[in-house]
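As a plain string of letters, each chain reads:
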Amino acid sequence: MGHREDLLEGAKRCLLEKGFARTTARDIVRESGTNLASIGYHYGSKDALLAQAYIALVEEMSFEGGDGGLTGAPGSLERFREVWTNIVGSMREPGTMWRLSVEIMAMGDQMPEVRDQLARAQRGGGRGLTSLMMGVPEEEVSDETADTLGRFYMTLMSGLISAWTFDPKTAPDGDALTEGLRQIVEAANRS
């Protein structure tokens, strides 16, 4: 690996260990085996590097093999339940990046360049979730669908991250989310 890749890998490890606010440029250099000047050369700033590292961590959370072995029919409540059950399962594991997500959301106003970079990544996240839910490749998810259904899923994800960070004892799991969606659909069909 070159310095750019070494920095990214070191920054990811630092984020998971220390969080965004407590990670220093020297921490990243120590973890990556590079030098301070390489951060500016390759990423522009420590915060820009950490934002890229966070995006990379989120992308790595995707399921293996496209649909992740999901058995529910694309677009079904069963698929919805499976996807959210898998996501919640990853939130239960120690050392994951979900708590980091809350820290970054809270710091957004303090780091406008990082916030802007992460905001652009939101469409990609929504596209990825839509792909999983609908059983289609990401490149087949239209921009319109990514901007509607994808945003819905990303909003649900943000709330779920908050719930699991602040009170895991009462946070919903995949079954509870699916039952809530079923009730919404049922009520909408009655009207």
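The structure presented is a predicted model; accordingly, all values stated were derived computationally and were not measured.

### Side note on the overall build of the protein
Next up, step 1: When you go through the protein residue by residue, the secondary structure sums to nine helices and zero strands.
Next up, step 2: Listing every helix and strand of the protein by position from the N terminus yields α-α-α-α-α-α-α-α-α.
Next up, step 3: Its C-alpha atoms give the protein principal-axis dimensions of roughly 60 × 35 × 30 Å.
Next up, step 4: Within the protein, the proportion of its 191 residues that are buried is 39%.
Next up, step 5: Put simply, of all contacts in the protein between residues at least 6 apart along the chain, 66% involve residues at least 24 apart.
Next up, step 6: Roughly 10,600 Å² of accessible area belongs to the protein as shown, and the carbon and sulfur atoms make up 53% of that amount.
Next up, step 7: A gap of 5 Å separates the mean positions of the 20 positive and 29 negative side-chain charges of the protein.

### Things to note about the packing of aromatic side chains
Two descriptors summarise a pair of aromatic rings, namely the distance from one centre to the other and the angle between the planes of the rings.
Next up, step 1: Using the criterion set out here, one finds two aromatic pairs in the structure.
Next up, step 2: Just above the ring of Tyr43 sits the side chain of Arg4; from NZ or CZ to the centre is 4.4 Å.

### Some thoughts on the UniProt feature "DNA-binding region" (unreviewed entry) in the protein
Next up, step 1: Feature annotation in UniProt assigns "DNA-binding region" (unreviewed entry) to the following positions: residues 24–43.
Next up, step 2: A helix fraction of 80% and a strand fraction of 0% characterise residues 24–43, whose end C-alpha atoms lie 15 Å from each other.

### Some points on the confidence of the model for the protein
Next up, step 1: Here the protein averages 88 in pLDDT, while 94% of its residues score no lower than 70.
Next up, step 2: Ranking the helices and strands of the protein by mean pLDDT puts helix H2 (residues 25–32) first, with 97, and helix H6 (residues 98–107) last, with 78.

### Here's the deal with the pattern of salt bridges
Next up, step 1: The tally for this structure, following the rule as stated, stands at 14 salt bridges.
Next up, step 2: The residue Lys46 makes a salt bridge to Asp47 at a minimum N-O spacing of 3.7 Å.
Next up, step 3: Lys46 gets classed as partly exposed once you look at its relative accessible area, which sits at 24%.
Next up, step 4: The class for Asp47 is buried, based on a relative accessible area of 19%.

### Looking at helix H4 (residues 46–60)
Next up, step 1: Its 15 residues place the ends of H4 21 Å apart at the C-alpha level, agreeing with the 21 Å of an ideal helix rising 1.5 Å per residue.
Next up, step 2: Those residues of H4 that sit buried are Asp47, Ala48, Leu49, Leu50, Ala51, Ala53, Tyr54, Ile55, Ala56 and Leu57.

Cut-offs applied
Residues numbered from 1 in each chain as written. Predicted model: local features only at pLDDT ≥ 70, side-chain atom pairs only at ≥ 80, totals over all residues. Heavy atoms only, no water. Helix = DSSP H or I, 4+ residues; strand = E, 2+ residues; numbered from the N terminus. Buried < 20%, exposed > 50% of the residue type's maximum accessible area, 1.4 Å probe, protein only. Contact = heavy atoms within 4.5 Å. Areas by Shrake-Rupley, 256 points an atom, 1.4 Å probe, with all protein chains shown as cover. Lys, Arg positive; Asp, Glu negative; His and termini not counted. Charge placed at Lys NZ, Arg CZ, Asp CG, Glu CD. Phe/Tyr/Trp six-rings, centres within 6.5 Å; stacked < 30°, edge-to-face > 60°. Lys NZ or Arg CZ within 6 Å of the ring centre and 35° of its normal. UniProt positions renumbered as here; feature names shortened; annotations may be inferred. pLDDT = per-residue confidence, 0-100. Salt bridge = Lys/Arg side-chain N within 4 Å of Asp/Glu carboxyl O. Expected span 1.5 Å × (residues − 1).

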